[in-house]
Amino acid sequence: MRNKHSGASLSIRAIAGNHVVALAWDLKRDQFDTTHLLGFAVERTEFATPARQNVVERYFLRGIKRFEEKDKGLPAGTPVPTSEHPIQSFQWGDYTAKPSTAYTYRLVPTTGAPKALTLRDDLAISVDVETEPLHGAVHSIFFNRGAAGSQAYAREFPNPIPKTKTDDPTLPQNVWLSRGLYEALVEFIGRAKDSTFALRAALYEFHFDPIGAAFKAALGRKVDVKILYDDPNYGTPNRTMINHVGLSKVCAPRKSGGAQKHNKFIVLLKNGKPIEVWTGSTNISNGGIFGHSNVGHSVRNDQVAGQYLAYWNALCNPIQPPPGGAKPFSDTRTGNPANGSITTLFSPRAGATLQWYADRMAKANEIVCFMVAFTLAEPFEPFLEADSNVLRFVLSDKQLKQGPLITKDRDVVYAAGAKFEKGELPNFLAEKLTGRNPNVPYIHDKFMLIDPLGDDPTTVTGSANFSPSSQTSNDENMLIIRSDQRVADVYFGEFMRLFDHLYARYLAKKIKAEQKKTKPKKGAGYLRPDASWVADHFGDSTKSRRRQYFHGAWQA
């Protein structure tokens, strides 16, 4: 859900997913005096019902960044209220929101001095919004937290996870990390209630016992279950779990065909007809569900589910290209999909898809968000290198080799996975990872968003890593969802949650490397004690465009 409220000189916009509310605001500098503006406080009111009659709680949201000379002595990592340590930006993300909940966000300009703040209630402005339900009529989207390397995790769970408990989905750390992803997957499998239902799955990693047990329970309900699993890469752990749980009679290894059997999808059938599909980036493994960032995405659409079932049936065969070398799944993309459409793409296929993606990105008017777990394919380089006012956010698990190339234009904002080490920034705790994904510790999502805040957003999501092999060689599946603002709002909020989280850590890592040559910049890691921060957000700058694009046009 999106909503906006504009006053004479101050305006605020809320973009609500299910677990994230992205806030953006703007001001008219010719009417709003910023001379002594120290930032903005954000007060959140939660209501018991959409009627907004009964208040559940009301308080000022908290952040970590604070004034250097104020509240000294607080333990590192202590959240501080924005009414005392305001937000020096024109965006904020509320990552503590609950699905299907009514909120009011009140934005309060803050002036004065760090130790003598004035909350300008006379200038405050509010916006109402309701977060999305987890389950939609067509799309249900579940992101795990994917942020073990965070201040919240370090505060909440200072002790290591017991090694004997890492596979326990009820362990508090795992519940926190899952944020409903594991539970939603179990619920999806559980929707096959009796012999009138069937499940067809194609899975790369399939070695997490609790999910295997969910399939076994479906067998106990007389559900028709058939599962294809990867053999060349994860055959040993997959078979170990399959045999341990008791699924060997309904599972078959996929040995030939695609180079990597990289799919992660399940089709739900009722009376022999496909009705829904679960897909996304999440491997059925401990690390996939709890260890790094992932998404599970179910689509309740007969046509889409039918296309996935036909693909699954094809995967039961070797899928060798014909003698002429053509791929078994042809490229049919010649332009934008129709408004309101859901397009499926299956691999192995011809390699033109990457260029098609790049061409779609090049048509963006304001914003592109791009998540690449491993590598950046060559077709995307010209778009990211081009001199353009389109904001391009790129997030990868590890530092991309093209880092210097793609950041030549200042409107490309790039970050890679990182965490705060001990003493890296003042007032921040040292962070730790789960250690469950040593090769891919941070980002495993594979999606892109094209103009997600516009009226006609495009969301591309699935299992493929936007690499040449993911198109021409691997078993992969992707969804292209056009004009669905609800889907775009959920993905946008989660992208910015992950991007802003890792961007601060990525910059700190770069600064630390540069400190060998120069002294740390005075005040690094703290709020500015005056209004000098405001100028960065106006004029011809990336921050200025972010302010304008995120907020959008003022309400009439």
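Scroll up for the structure.
Scope of this entry: the structure provided in the associated data block. (Residues numbered from 1 in each chain as written. Predicted model: local features only at pLDDT ≥ 70, side-chain atom pairs only at ≥ 80, totals over all residues. Heavy atoms only, no water.)

As a packed pair, helix α4 (residues 209–220) and helix α5 (residues 235–245) sit with axes 9 Å apart at the nearest point and diverge in direction by 45 degrees. If you check the angle between α4 and α5, you find them oblique. Read as a crossing pair, α4 and α5 show a hand that is right-handed. Facing α4, whose interface residues are Asp 209, Gly 212, Ala 213 and Lys 216, α5 presents Met 241, His 244 and Val 245. Considering only residue class, the contact of α4 with α5 consists of three nonpolar, two polar and two charged. (Axes fitted to C-alpha atoms, helices over the stretch in contact; angles between N-to-C directions. Helix = DSSP H or I, 4+ residues; strand = E, 2+ residues; numbered from the N terminus. Parallel < 35°, antiparallel > 145°, perpendicular 65-115°, else oblique. Left-handed = near helix turned anticlockwise from the far one by under 90°. Contact = heavy atoms within 4.5 Å. Nonpolar A, V, L, I, M, F, W, Y, C, P; charged D, E, K, R; others polar.)

Strand order in the open sheet formed by seven strands is β19-β25-β24-β23-β20-β21-β22, and the pairing between neighbours is mixed. Only two strands of the sheet have a single partner each, and these edge strands are β19 (342–347) and β22 (412–416). Across the sheet, the axes of successive neighbouring strands diverge by a mean angle of 10 degrees, strand direction being ignored. Where strand β20 (residues 367–372) and strand β23 (residues 447–450) come together, four bridges link them in antiparallel fashion. Looking at β23, one finds that Cys 369 is bridged to Leu 449. Contacts between helix α8 (residues 352–362) and the sheet are confined to β19, β20, β23, β24 (458–462) and β25 (476–482), with β23 contributing the most and set at about 35 degrees to the helix. In the packing of helix α13 (residues 542–551) onto the sheet, contacts are made with β20, β21 (391–396) and β22, and the angle to β21 comes to roughly 100 degrees. (Pairing = 2+ DSSP bridges.)

The next subject is α13. Among the ten residues that make up α13, eight are buried, leaving the element largely enclosed by the rest of the structure. Taken residue by residue, α13 has Thr 542, Ser 544, Arg 545, Arg 546, Arg 547, Tyr 549, Phe 550 and His 551 as its buried positions. Just downstream of α13 lies Gly 552, where phi reads positive at about 80 degrees. (Buried < 20%, exposed > 50% of the residue type's maximum accessible area, 1.4 Å probe, protein only.)

Further remarks concern the pairing of strand β18 (residues 295–299). Counting buried residues along β18, five of its five residues qualify, which places the element largely inside the surrounding structure. The two faces of β18 match: Val 295, His 297 and Val 299 on one face and Gly 296 and Ser 298 on the other face are all buried. Where strand β12 (residues 139–143) meets β18, five bridges bridge the pair, whose relative direction is antiparallel. Paired with His 139 across the two strands is Val 299, which belongs to β18. With four bridges joining them, strand β17 (residues 273–280) and β18 adopt antiparallel strand pairing. Its bridge partner being in β18, Val 277 is matched across the sheet by Val 299.

Another aspect to go through is the environment of Arg 106. Tracing the backbone shows Arg 106 in strand β9 (residues 102–113). Distance in space between the C-alpha atoms of Arg 106 and Ala 305 is 42 Å, their sequence separation being 199 residues. Those residues in contact with Arg 106, other than ones at most four positions away along the chain, are Ala 41, Val 42, Glu 43, Phe 60, Asp 121, Ala 124, Ile 125 and Ser 126.

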